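# Results of the structural survey
Each chain, letter by letter, is given below.
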Amino acid sequence: ILPCRRYILLFAAVLLFIGCHSNQSKPNQGREIPLRYAKLFRIWEYDGYKVAEVRNPWETAHLLKRYILLDSTYQGNDTLPHGEVIHTPIRTMGCVFSTHVCLANRLNVLNRVTAVSELKYINNPTIREQVAAGKTMEIGPSHSINIDIILKVNPQVLFVSPFKDNKYGAVQESGMPLAIDCSYMEQHPLARAEWLKFMALFVGKSVEANTIFDTIAHRYERLAAISRTVAVKATVFSGKPFKEIWFVPGGNSYAARFMADAGLSYLWANVMETGSQPLDFESVYAKAAKADLWLMHENYQGKFTYARLAEENPCFADFAAFKKHRIIFCNTYDNDYYEEGLLEPDIILADILSLAHPELKINHTPKYYHWMEE
């Protein structure tokens, strides 16, 4: 009987230990906040803090960075996960790319931006005014930040986008926190836009970010559903050569997704790449000579016409899309495609869809894309 009692007491002690251990662990049990499209970051919510993990965009099985975002009201004494601790909401921040300015603008926190890189690529009037007034400092090119200026400004966090060969070594060595935004490596236009929620974690605007994103996603999804009713999909290709190399978007890229969701048949859709494939002119011509549509971007001061395009290369005039004047054109000199366009994928999709399929009558005035001028 005594041995049995010892086993019973031991078993009871184990249960008591497990129960106590479970109760002590409860404050550390995080709830993952689901993301709808983004694949390169994840968010967990705990009692008084959040954890954000950024995946390595070139090796997605590996973690690039983990942030522990402590709320200003956090009074806990939990053993925090390993990662970079950031006290939120931050009051000052730097933006290395114009897309980060776009995110800050939509979250209404431009007054917190104290440093920017390459002002010539930023069209936002508020930022330009802040720079002129000395409230925001320019810190040099994105690939070579002026370490003396950035340390003088000393923003609480510097928002950057990753290069495969890290170009932020000097900034990292200074101890300044880098918030790594991998949005440009996402495969879906809405995944790129969902990175708004990443910046929102740092500036205390998560509720607003969720509302903004849901509105964008709803309209985009509605338009994509409309495009699926198209009976005959026009064939399409995009871009033009740069220094004799034609960089063709891979079939898994966000650019290819725009074309698919606009009810078009992209000629390189079966190339399972997220980036661009470098081809020569002859290779593109062999496949796209008879394509129905040509989608093109150009940064050009002035009126870009078919005649101007033929001046660049007379062979462009041999494409069927050129002959039939079926080039859908975006002049990035005249609009904010690479800045505000990040958070307007619904408008970009509506542009392409309304031009390529006027029979759908979606009642939209194009903003970024138009037919190339005669």
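Residues numbered from 1 in each chain as written. Predicted model: local features only at pLDDT ≥ 70, side-chain atom pairs only at ≥ 80, totals over all residues. Heavy atoms only, no water.

Further remarks concern unusual backbone geometry. If a residue is not glycine, its phi is most likely negative; likewise, a peptide bond is most likely trans. In this chain, threonine 88 is followed by proline 89 through a cis amide linkage whose omega measures 0 degrees. Summarising the element assignment, proline 89 is placed in the loop between strand 5 (84–88) and strand 6 (93–95). Its identity as a non-glycine residue notwithstanding, asparagine 154 has a phi of 55 degrees, on the positive side. Tracing the backbone shows asparagine 154 in the loop between helix 4 (147–153) and strand 9 (157–160). Exposure remark for asparagine 154: the relative accessible area of 49% places this residue in the partly exposed category. Phi at lysine 243 is positive, roughly 50 degrees, even though this residue is not glycine. Examined against the element boundaries, lysine 243 turns out to sit in the loop between strand 11 (235–238) and strand 12 (246–249). (Helix = DSSP H or I, 4+ residues; strand = E, 2+ residues; numbered from the N terminus. Buried < 20%, exposed > 50% of the residue type's maximum accessible area, 1.4 Å probe, protein only.)

With that out of the way, let us pick up the packing of helix 8 (residues 206–227) against helix 13 (residues 345–356). Between two packed helices, what matters for the description is the angle formed by their axes and the separation of those axes. In contact at an axis separation of 8 Å, helix 8 and helix 13 are set at 25 degrees when each is read in the N-to-C sense. Taken together, the axis directions place helix 8 and helix 13 in an arrangement best described as roughly parallel. Along this stretch, helix 8 crosses helix 13, giving a crossing that reads as left-handed. Here Ile216, Arg219, Tyr220, Leu223, Ala224 and Ser227 of helix 8 come into contact with helix 13, specifically with Pro345, Asp346, Ile347, Leu349, Ala350 and Leu353. Residues of the contact of helix 8 with helix 13, tallied by class, amount to 9 nonpolar, 1 polar and 2 charged. (Axes fitted to C-alpha atoms, helices over the stretch in contact; angles between N-to-C directions. Parallel < 35°, antiparallel > 145°, perpendicular 65-115°, else oblique. Left-handed = near helix turned anticlockwise from the far one by under 90°. Contact = heavy atoms within 4.5 Å. Nonpolar A, V, L, I, M, F, W, Y, C, P; charged D, E, K, R; others polar.)

So, about the pattern of salt bridges. Scanning the entire structure with this criterion turns up 16 salt bridges. Arginine 55 is the salt-bridge partner of glutamate 53, the closest N and O atoms lying 3.7 Å from each other. For the pair glutamate 53 and arginine 55, one class covers both residues: buried. Across the pair glutamate 312 and arginine 308 runs a salt bridge whose closest N-O atoms are separated by 3.9 Å. Here the residue glutamate 312 and the residue arginine 308 both occupy positions in helix 11 (residues 306–312), the gap between them amounting to 4 residues, near one helical turn. (Salt bridge = Lys/Arg side-chain N within 4 Å of Asp/Glu carboxyl O.)

Roughly 240 Å³ of internal volume is contained in the second largest pocket. In terms of lining, the second largest pocket is formed by 16 residues, of which the most central are Lys50, Asp71, Thr88, Leu201 and Gly204. Elements with a minimum of two residues in the lining of the second largest pocket: strand 3 (49–56), strand 4 (59–71), helix 7 (196–203) and helix 8. For the lining of the second largest pocket, the element with the most residues is helix 8, which contributes 3 residues. Residue classes in the lining of the second largest pocket are distributed as 7 nonpolar, 4 polar and 5 charged. (1 Å grid on protein atoms, 1.4 Å probe; cavity = no way out; pocket = protein on both sides within 12 Å on 5 of 7 lines; lining within 4 Å. Points joined across faces, edges and corners; volume = space filled by probe spheres on them.)

This next bit is on the confidence of the model for the protein. Of all residues in the protein, 93% attain a pLDDT of 70 or more, and the chain-wide mean is 91. Low pLDDT, under 50, characterises residues 1–27; the predicted model gives this stretch 3 contacts beyond four residues in sequence or across chains. (pLDDT = per-residue confidence, 0-100.)

A separate point is the pairing of strand 7 (residues 113–116). With 3 bridges connecting them, strand 6 and strand 7 associate as parallel partners. Note on strand 7: the bridge partner recorded for cysteine 95 is valine 116. Running through helix 2 (residues 98–106), the crossover from strand 6 to the neighbouring parallel element strand 7 is right-handed. Here 2 bridges tie strand 7 to strand 8 (residues 137–138), and the two strands are oriented parallel to one another. Considered in strand 8, the bridge of valine 116 is made with glutamate 138. Between the parallel pair strand 7 and strand 8, the chain is carried across by helix 3 (residues 125–132), and the sense of this crossover is right-handed. (Pairing = 2+ DSSP bridges. Right-handed = clockwise from strand over helix to strand, strands pointing away.)

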